Amino acid sequence: VNLTLTVVDTPGFGDAIDNSNCWDPVLHYVESQYEEFLEAETKVLRNPNMADTRVHACLYFIAPTGHGLNPLDIEFMQQLHDKVNIIPVIAKADTMVPDEIDQFKSLIMQQIHQAKIKIYEFPDLEDGEEHEKAENRKMKNRVPFAVVGANAVVESSDGRKVRGRHYPWGIVDIENMDHCDFIPLRNMLIRTHLQDLKEVTNMVHYENFRCRKLAGVTNPAGVPSVDKQQSNKNPLFLIEEEKKESAAKLSNMEREMEEVFERKVREKKQKLSDNENDLERRQAESASRLEQLKQELEERKTAFEQEKMAWEQSHNITIDELKRMSLESLDGKKKKGGALSGVSFRMSK
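Here the structure is a predicted model, which means the values were calculated and not measured. (Residues numbered from 1 in each chain as written. Predicted model: local features only at pLDDT ≥ 70, side-chain atom pairs only at ≥ 80, totals over all residues. Heavy atoms only, no water.)

**Q** Just to check I follow, could you spell out the sheet that holds strand β6 (residues 170-173) for this structure?
**A** In any sheet, the strands associate via hydrogen bonds between backbone groups, in a parallel or an antiparallel arrangement. Taken together, the three strands give an open sheet; going across it, the order is β4-β5-β6, and neighbouring strands pair in antiparallel fashion. What marks the edges here is a single partner per strand, and that holds for β4 (153-155) and β6. For this sheet, the mean inter-axis angle between neighbouring strands, taken without regard to orientation, is 65°. Alignment of β4 against strand β5 (residues 161-167), held across three bridges, turns out to be antiparallel. Note that in β5 the partner of Glu 155 across the bridge is Lys 161. (Pairing = 2+ DSSP bridges. Helix = DSSP H or I, 4+ residues; strand = E, 2+ residues; numbered from the N terminus. Axes fitted to C-alpha atoms, helices over the stretch in contact; angles between N-to-C directions.)

Printed below as a string of C-alpha cells:
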C-alpha cells in the first residue's frame with residue numbers, strides 16, 4: 001500500500017528571546033490548510049481527487065528536563081488543542097533512566113489535565129479481538145511517547161544490524177520497546193490510528209473551523225448573533241460533550257450508590273459484630289454462673305457427706321443399716337414392738 005505522508009517541521013520554535021505569539025505561524029499554517037480545503041469543497045465544480053492537505057496530527061516534542069512542561073509548552077498546546085490532534089512526545093528519551101521517564105510522563109499528564117488541554121484521545125475498541133484491545137490499552141498508557149531518534153545502523157552485541165545509537169556503555173535500539181516508544185508511535189500514526197486521526201480532524205476540528213467561517217459569513221458585523229460560542233461548535237462535538245457529561249453524571253451516581261452500599265454493609269457488619277460480642281458475653285456469664293452453681297453443689301454435697309458421717313458415728317449406725325431395718329419393719333418380718341425396742345436398744349447403746 002502506497003502511503004503519501006507529509007511532514008512539516010518547525011525549526012527554531014521557542015528559541016527566541018521573546019517567544020510571545022511564537023505559535024502564530026503554526027496556527028496560521030493549520031488554518032490555512034483548512035481554508036484551502038473549505039474553498040475547494042465549496043466550489044461549484046469540485047475535484048473528486050483533490051488532495052487532503054489538512055494537518056491530521058501535531059507531534060509536540062517536549063524537552064527531557066524532568067521538570068514537567070514549561071509555560072511555552074502549555075500555552076502552545078492551549079492555542080492549538082481545539083484545531084489539531086496534539087500528540088505529546090518526549091524527545092531524546094535516552095538521556096533519562098526508565099524510572100525518570102515514568103515519573104516525567106506522570107507529571108506531564110498531570111499538568112495537561114490541570115491546564116484542561118485536549119490531546120488526542122485513543123478510542124476504545126468495542127469490536128475486535130482481545131489482543132488488539134490489550135495493545136490499544138498499552139499504547140494509550142504510553143502517552144506521552146518517549147522516543148529516541150537515530151539515522152544510523154549499528155551492530156548490536158549479538159551481531160544484528162539495528163537502527164539506533166551507539167554509546168560507550170551500550171546500544172540504544174530505537175525499535176526495541178524496552179528502550180523507547182518509537183514503534184508504538186509509528187504504528188499509531190501510520191497503521192492502527194491513521195483513519196481515526198483523519199476522522200477526528202474532519203468531523204471535529206475541520207467542522208469547528210467551517211462553522212466559525214460560515215458563522216462569520218452569515219452574521220456580518222453589526223448583526224446580533226444568537227450565541228457565538230454555541231454557533232461555533234460542531235454539533236457532533238456538542239453531542240460528544242453531552243455524552244461525556246452524561247457519563248460523568250452516571251459515574252457520580254454509581255459512586256454515590258457504591259458509597260451508600262458500603263456504608264450499609266459497614267453498619268450491618270458492625271451490628272453483627274455487636275450481636276456476636278453480646279452473645280459471647282452472655283455465654284461467658286452463663287458459663288461462669290454454671291461453674292459457680294457446680295462449685296456450690298459440690299460444697300453442699302461435701303457438707304452433707306460430713307454431716308452424714310458425723311451422724312452415723314454419733315448414733316453408731318449407718319444409714320444403710322437403718323434403711324434395712326425400716327424395710328424389715330414394713331414387710332412385717334418382725335413385731336412392731338420388738339422392732340422398736342430393738343431399734344431403741346441399738347440406739348441406746
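Next, the rest of the story.
**Q** Please explain the nonpolar core as it appears in this structure.
**A** For soluble globular proteins, nonpolar side chains are generally found buried alongside one another. If you look at the biggest cluster of nonpolar residues, it comprises 48 residues, and the most contacted ones within it are Phe 76, Met 77, Leu 80, Ile 87, Ile 112, Phe 145 and Met 188. Elements with a minimum of two residues in this core: α1 (24-41), β1 (58-62), α2 (71-80), β2 (86-90), α3 (98-114), β3 (145-146), α5 (182-192) and α6 (194-218). (Core = buried A, V, L, I, M, F, W, Y, C linked by side-chain atoms within 4.5 Å. Buried < 20%, exposed > 50% of the residue type's maximum accessible area, 1.4 Å probe, protein only.)

**Q** Explanation requested: unusual backbone geometry in the structure shown.
**A** Note: most peptide bonds trans; most residues except glycine with negative phi. With omega at -5°, the peptide bond leading from Val 143 into Pro 144 counts as cis. With respect to the helices and strands, the residue Pro 144 is situated in the loop between α4 (130-141) and β3. Non-glycine residue Asn 21 carries a positive phi angle of around 60°. Tracing the chain through its elements places Asn 21 in the segment before α1. With relative accessibility at 45%, the residue Asn 21 sits in the partly exposed group. Even without glycine at this site, Asn 316 takes up a positive phi of about 55°. The residue Asn 316 is located in the loop between α8 (235-315) and α9 (319-331) in this model.

**Q** Would you take a moment to explain the confidence of the model for the protein chain for this structure?
**A** Low pLDDT marks regions whose predicted coordinates should not be analysed in detail. Averaged over every residue, the pLDDT of the protein chain is 82; the share at 70 or more is 87%. Confidence drops under a pLDDT of 50 for residues 218-232, and excluding neighbours within four residues, the segment shows ten contacts in the predicted structure. For the stretch residues 339-349, pLDDT sits under 50, and the model shows three contacts to residues farther than four places along the chain or on other chains. (pLDDT = per-residue confidence, 0-100. Contact = heavy atoms within 4.5 Å.)

**Q** For this particular structure, what's the right way to read the pairing of β2?
**A** A large share of β2 lies buried, amounting to five of its five residues. Looking at chain direction, β1 and β2 are connected through five bridges and run parallel. The partner of Leu 59 across the bridge, within β2, is Ile 87. The handedness of the β1 to β2 crossover, carried by α2, is right-handed. Both β2 and β3 contribute to a ladder of two bridges, which runs parallel. What sits directly across from Val 89, in β3, is Phe 145. (Right-handed = clockwise from strand over helix to strand, strands pointing away.)

**Q** Just checking my understanding: could you explain the sheet that holds β3 for this structure?
**A** One open sheet accounts for three strands, arranged β1-β2-β3; its pairing is parallel. Pairing within the sheet leaves two strands with one partner each, and these edge strands are β1 and β3. Here α2 sits on the sheet and contacts β1 and β2; the angle it forms with β1, its principal contact strand, is near 170°.

**Q** Hey, could you run me through a nonpolar patch on the surface in this one?
**A** A cluster of nonpolar side chains, contributed by Leu 3, Leu 5, Val 7 and Ile 190, occupies part of the molecular surface with about 390 Å² of accessible area. Checked against the element boundaries, Leu 3 lands in the segment before α1. (Patch = residues over 30% accessible without salt bridge, like charges linked within 9 Å, V, L, I, M, F, W, Y side chains within 5 Å. Areas by Shrake-Rupley, 256 points an atom, 1.4 Å probe, with all protein chains shown as cover. Salt bridge = Lys/Arg side-chain N within 4 Å of Asp/Glu carboxyl O.)

**Q** Before we go on, may I ask you to explain the packing of α1 against α2 in this structure?
**A** When two helices pack together, their arrangement is captured by the angle between the axes and the distance separating the axes. At their nearest, the axes of α1 and α2 sit 10 Å apart, and the two run at 20° to each other. Classified by the interaxial angle, the pair formed by α1 and α2 is roughly parallel. Judged by the sense of rotation from one axis to the other, the crossing of α1 with α2 is right-handed. Across the interface between the two elements, Val 26, Leu 27 and Val 30 from α1 touch Phe 76, Gln 79 and Leu 80 from α2. Tallied by class, residues from the contact of α1 with α2 come to five nonpolar, one polar and no charged. (Parallel < 35°, antiparallel > 145°, perpendicular 65-115°, else oblique. Left-handed = near helix turned anticlockwise from the far one by under 90°. Nonpolar A, V, L, I, M, F, W, Y, C, P; charged D, E, K, R; others polar.)

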